[in-house]
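# Descriptive analysis of the structure
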Amino acid sequence: MNTAIKRKLLEKIKQYDKIIISRHLRPDGDAVGSTLGLKGILKLTYPEKEVLVINGDYGGYTAFLGQEDAQRDDEYYADALSIIIDTGTPDRISNKKYSLAKEVAVIDHHIEPESFGDISWVEPDRSSACEMIADFYAAFKDELKMDADAATKIYAGMVTDSGRFRYESVTGETLRLAAMLIDTGIDLERLYANLYLSEYEELKYHSFVLNKMRVTKNGVAHFYISLDAQKKFGLTAEQACEAVSYLGGLKGSIIWLAFIENADGTVRVRLRSRFVTVNKLAEKYGGGGHACASGATLKNRYGIRKVLADADGLIAEYKANNTDWM
Ligand SMILES: [Mn+2]
């Protein structure tokens with residue numbers, strides 16, 4: 001699929017001696033895995049090229065995947081190719097200098113990306129940007145090189161962005177590409193230990209969230225985390241948001257939401273679902289994202305009730321038209 005654009009991208013990569021790879025702000029496993037993974041492939045294949053991953057923020061649970069590179073002077077960019085992965089929104093790019101590059105290439109799997117860049121390879125049906133990097137490698141495996149280290153980074157993004165290969169976006173192709181990566185010798189036990197074991201305080205927070213969970217009439221599971229609670233558990237708003245996944249296992253609930261108070265009084269909302277889509281709902285409140293995983297920011301707490309009513313209405317509608325949803 002999309003062989004022509006992938007070939008064009010490979011030719012671009014070959015043309016340049018300097019390649020600067022960047023991703024979105026507030027990185028997740030997919031953003032970090034795809035950028036570091038592609039760097040790994042390009043460094044192995046073209047040891048003479050300078051390949052850097054440059055961004056303005058870093059950290060979090062993905063830090064074990066490895067270091068990124070230090071920012072360079074503006075002049076450094078003049079003869080470089082910039083590759084942006086896992087975002088179709090220029091405002092969300094973590095490296096503010098990316099556009100100083102001679103040319104910009106975009107690799108992304110988000111819905112309705114803004115059109116930017118000289119080359120843009122976008123597949124909204126892909127489960128992750130890492131799946132696209134794996135596919136890129138697979139398409140040119142006679143020319144490109146990959147080792148277990150690069151494969152581990154790419155696999156890490158695939159397994160996290162797909163909810164451990166459980167989201168609707170996962171296809172047979174996703175698993176075939178994941179299998180190809182595992183065959184390089186990934187240490188899965190070590191990787192999963194890094195990705196999925198919790199600190200004591202995290203498990204305490206987990207139980208706190210489950211205690212705070214409420215469910216609407218038709219089954220929207222939700223919770224609200226105040227700034228005080230974030231302080232108590234030593235969490236950033238971003239970390240607090242991740243708790244939305246704790247609500248994903250409730251039988252009878254097909255939409256689950258996290259409301260997180262921001263320091264400026266706005267409220268961040270994370271929307272997750274199965275069987276129904278929530279991105280339109282997120283868009284109604286100025287946000288967006290994937291069909292079953294979206295986000296938005298509400299001006300204040302009063303918006304929460306409206307979002308809950310809308311989400312509850314979505315489930316009511318689904319129940320009215322489906323009997324086999326459990
Ligand atoms: Mn992604």
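Residues numbered from 1 in each chain as written. Predicted model: local features only at pLDDT ≥ 70, side-chain atom pairs only at ≥ 80, totals over all residues. Heavy atoms only, no water.

In this section: the coordination of the manganese ion. Each protein donor to the manganese ion is listed here as Asp30 (OD), Asp86 (OD), His109 (NE2) and Asp161 (OD); together their distances run 2.1 to 2.4 Å. Counting residues between consecutive donors of the manganese ion along the chain gives the motif D-x55-D-x22-H-x51-D. Of this pair, Asp86 sits in the loop between β3 (81–85) and β4 (103–108) while Asp161 sits in helix α4 (residues 148–161), and the two are 75 residues apart along the sequence. (Donors = N, O, S within 2.8 Å, 3.2 Å for Na, K, Ca; no water. Helix = DSSP H or I, 4+ residues; strand = E, 2+ residues; numbered from the N terminus.)

For the structure shown, the criterion picks out 11 aromatic pairs. Considering the side-chain rings of Tyr98 and Phe116, the 6.2 Å spacing of their centres and the 80° angle between planes classify their relative orientation as edge-to-face. In this pair, Tyr98 is assigned in the loop between β3 and β4 and Phe116 in the loop between β4 and β5 (119–122), connecting sequence segments 18 residues apart. Each member of the pair, Tyr98 as well as Phe116, carries the same accessibility label: buried. Just above the ring of Tyr46 sits the side chain of Lys49; from NZ or CZ to the centre is 5.0 Å. For Arg164, the ring lying beneath its charged end belongs to Tyr196, and the centroid distance is 3.5 Å. (Phe/Tyr/Trp six-rings, centres within 6.5 Å; stacked < 30°, edge-to-face > 60°. Buried < 20%, exposed > 50% of the residue type's maximum accessible area, 1.4 Å probe, protein only. Lys NZ or Arg CZ within 6 Å of the ring centre and 35° of its normal.)

Counting residues in each nonpolar core, the largest one holds 47 residues, and the members touching the most others are Ile13, Ile19, Ile21, Ile83, Phe136 and Leu181. Setting aside chain neighbours within four positions, we find Leu181 in contact with Ala134, Met146, Ala151, Ile154, Tyr155, Met158 and Ile186. One finds Ile254, Ile255, Leu281 and Leu308 within the second-largest nonpolar core, a separate group that totals 22 residues. (Core = buried A, V, L, I, M, F, W, Y, C linked by side-chain atoms within 4.5 Å. Contact = heavy atoms within 4.5 Å.)

Here we have six strands laid out as an open sheet, ordered β6-β7-β8-β9-β11-β10, and mixed in their pairing. Edge positions in the sheet fall to β6 (214–215) and β10 (288–290), since each has one partner strand and no second. Sitting on the sheet, helix α7 (residues 200–212) touches β6 and β7 (220–225), and the angle it makes with β7 is about 120°. The strands that helix α11 (residues 302–321) touches are β7, β8 (255–261), β9 (267–273) and β11 (293–298); relative to β8, the one it contacts most, it runs at about 170°. (Pairing = 2+ DSSP bridges. Axes fitted to C-alpha atoms, helices over the stretch in contact; angles between N-to-C directions.)

Turning our attention to the domain arrangement of the protein. As assigned here, the protein comprises domain 1 (3–195) and domain 2 (202–321). Each of domain 1 and domain 2 has a C-alpha centre, and these two points are 29 Å apart. Listed as interface residues are five residues of domain 1 and, on the opposing side, eight residues of domain 2. Both sides of the domain 1 and domain 2 interface together cover about 560 Å² of buried area, and 49% of this is carbon and sulfur. Connecting domain 1 to domain 2 are one salt bridge. Among the ionic pairs, Arg26 bridges to Glu238, the shortest N-O distance being 3.0 Å. (Domains from an automatic or database assignment. Buried area = accessible area lost by both parts, 1.4 Å probe. Salt bridge = Lys/Arg side-chain N within 4 Å of Asp/Glu carboxyl O.)

Now for the pattern of salt bridges. Where side chains of opposite charge bring their charged atoms close, a pairing between them can arise. Enumeration according to the criterion identifies 22 salt bridges in this entry. Notably, a salt bridge pairs Arg190 with Asp187, separated by 3.5 Å at the nearest N-O pair. Sharing partners across several salt bridges, the network here consists of Lys6, Glu123, Arg126, Glu131 and Asp135.

To continue, consider the environment of Cys130. Examined against the element boundaries, Cys130 turns out to sit in helix α3 (residues 129–139). For Cys130, a relative accessible area of 0% puts it in the buried group. Measuring from C-alpha to C-alpha, the distance between Cys130 and Asp30 comes to 6.0 Å, with 100 residues separating the pair along the chain. Residues contacting Cys130, with those up to four places away along its chain left out, are Asp30, Gly33, Ser34, Lys153, Ile154, Gly157 and Met158.

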